[in-house]
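Examination of the molecular architecture
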Amino acid sequence: MTESGIWYYTLSAIPQTLAAMIALVATFVVYKLSRVSDRVEKERGLVKSFLFHLHPEKEIHHIEGMRGEELLEALQVGIAKLDPEEKDLGFEEFKKLESLLKEFIEAWHRRTGTSGQTIYNFLRQKENIFRNLVHTRKLAIKLLVACLFLTAIPTCVSLLALPNVEYFGANLLPIAFALSGLAAISILFTTYSVWKIAKL
């Protein structure tokens with residue numbers, strides 16, 4: 001194989017390898033986002049039911065239109081209005097909230113009754129679940145974007161250098177080393193991203 005052939009092979013192999021790595025990350029992200037979205041939709045219905053009672057000042061269409069972080073923030077603000085030390089959580093609409101939650105916390109209701117503390121703990125649990133789901137979705141998307149960015153740089157440089165192998169001549173060795181370094185960083189970060197997303 002000639003020297004130019006080696007450079008052609010090297011410069012074309014880098015983008016192919018990185019494309020395979022990004023496809024792997026994208027597969028993991030799409031799978032994880034699908035699972036998270038299903039769970040978010042399930043929890044979202046329950047959270048919206050709470051919000052109708054926790055935020056009686058808000059219009060129904062406003063709560064219906066809430067998604068992700070906005071919904072989580074509204075839930076946190078609503079829970080902050082409750083005082084677990086006070087009778088009926090210090091909440092005027094407690095009876096409505098209690099009747100709504102009885103069906104969701106029936107197992108707890110049998111053991112402890114739907115006390116204010118039980119309802120407060122249940123709402124806190126739902127808040128934590130929803131926060132984790134929103135965080136997981138955000139982190140998966142951030143990791144995918146970072147992988148795309150780290151992959152795009154060496155890929156673009158490789159593809160730009162590929163048709164100009166003869167032009168670079170002796171200067172191609174430092175370019176190849178830099179590209180290999182960038183590709184190695186990209187592969188390491190991509191591997192970390194796949195591991196992190198799989199753990200989420």
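Computed from a prediction, not measured in an experiment: that's the story for all the values here.

Observations concerning a nonpolar patch on the surface
- Residues Phe149, Ile153, Val157 and Leu182 make up a contiguous nonpolar surface patch of about 320 Å² in total accessible area.
- A total of 3 residues in the nonpolar patch trace back to one element, the largest contributor, which is helix H6 (residues 116-161).
- Mapping leucine 182 onto the fold places it in helix H8 (residues 172-199).
- The class of leucine 182 is partly exposed, set by a relative accessible area of 33%.

Brief notes about the packing of aromatic side chains
- In the structure shown here, the tally under the stated rule is 2 aromatic pairs.
- With a centroid separation of 6.1 Å and 45° between ring planes, the pair formed by phenylalanine 189 and tyrosine 192 is classed as tilted. In this pair, phenylalanine 189 and tyrosine 192 both sit in helix H8, 3 residues apart, roughly one turn of the helix.
- Measuring from centroid to centroid gives 6.0 Å for tyrosine 192 and tryptophan 195, while their planes differ by 40°, and the two rings are tilted.

A short note on the environment of cysteine 156
- Along the chain, cysteine 156 turns up in helix H6.
- Cysteine 156 sits in the partly exposed class, given a relative accessible area of 44%.
- Placed 141 residues apart in sequence, cysteine 156 and proline 15 show a C-alpha to C-alpha distance of 8.1 Å.

Here's the deal with helix H3 (residues 68-80)
- If you check H3, its first and last C-alpha atoms are 18 Å apart, about what 13 residues at 1.5 Å a residue would give, namely 18 Å.
- Among all positions in H3, only Gly68, Leu71, Leu72, Ala74, Leu75, Gly78 and Ile79 are buried. Buried residues in H3, looked at end-on, bunch into an arc of 160°, giving them a common side. In this structure, H3 carries Glu73 and Ala80 as exposed residues pointing more than 90 degrees from its buried face.

Section: the packing of H3 against H6
- Relative to each other, H3 and H6 sit at 155°, their axes nearing to 10 Å. By the criterion of interaxial angle, the relationship of H3 to H6 is roughly antiparallel. Like other packed secondary-structure pairs, H3 and H6 cross with a definite hand, here left-handed. Taken together, the residues of H6 that come into contact with H3 (itself represented by Gly68, Glu69, Leu71, Leu72, Leu75, Gln76 and Ile79) are Tyr120, Leu123, Arg124, Lys126, Glu127, Phe130, Arg131, Val134, Arg137 and Lys138.
- Each residue belonging to the contact of H3 with H6 can be placed in one class, and the counts come to 8 nonpolar, 2 polar and 7 charged.

Criteria and thresholds
Residues numbered from 1 in each chain as written. Predicted model: local features only at pLDDT ≥ 70, side-chain atom pairs only at ≥ 80, totals over all residues. Heavy atoms only, no water. Patch = residues over 30% accessible without salt bridge, like charges linked within 9 Å, V, L, I, M, F, W, Y side chains within 5 Å. Areas by Shrake-Rupley, 256 points an atom, 1.4 Å probe, with all protein chains shown as cover. Salt bridge = Lys/Arg side-chain N within 4 Å of Asp/Glu carboxyl O. Helix = DSSP H or I, 4+ residues; strand = E, 2+ residues; numbered from the N terminus. Buried < 20%, exposed > 50% of the residue type's maximum accessible area, 1.4 Å probe, protein only. Phe/Tyr/Trp six-rings, centres within 6.5 Å; stacked < 30°, edge-to-face > 60°. Expected span 1.5 Å × (residues − 1). Arc of directions from axis to C-beta. Axes fitted to C-alpha atoms, helices over the stretch in contact; angles between N-to-C directions. Parallel < 35°, antiparallel > 145°, perpendicular 65-115°, else oblique. Left-handed = near helix turned anticlockwise from the far one by under 90°. Contact = heavy atoms within 4.5 Å. Nonpolar A, V, L, I, M, F, W, Y, C, P; charged D, E, K, R; others polar.

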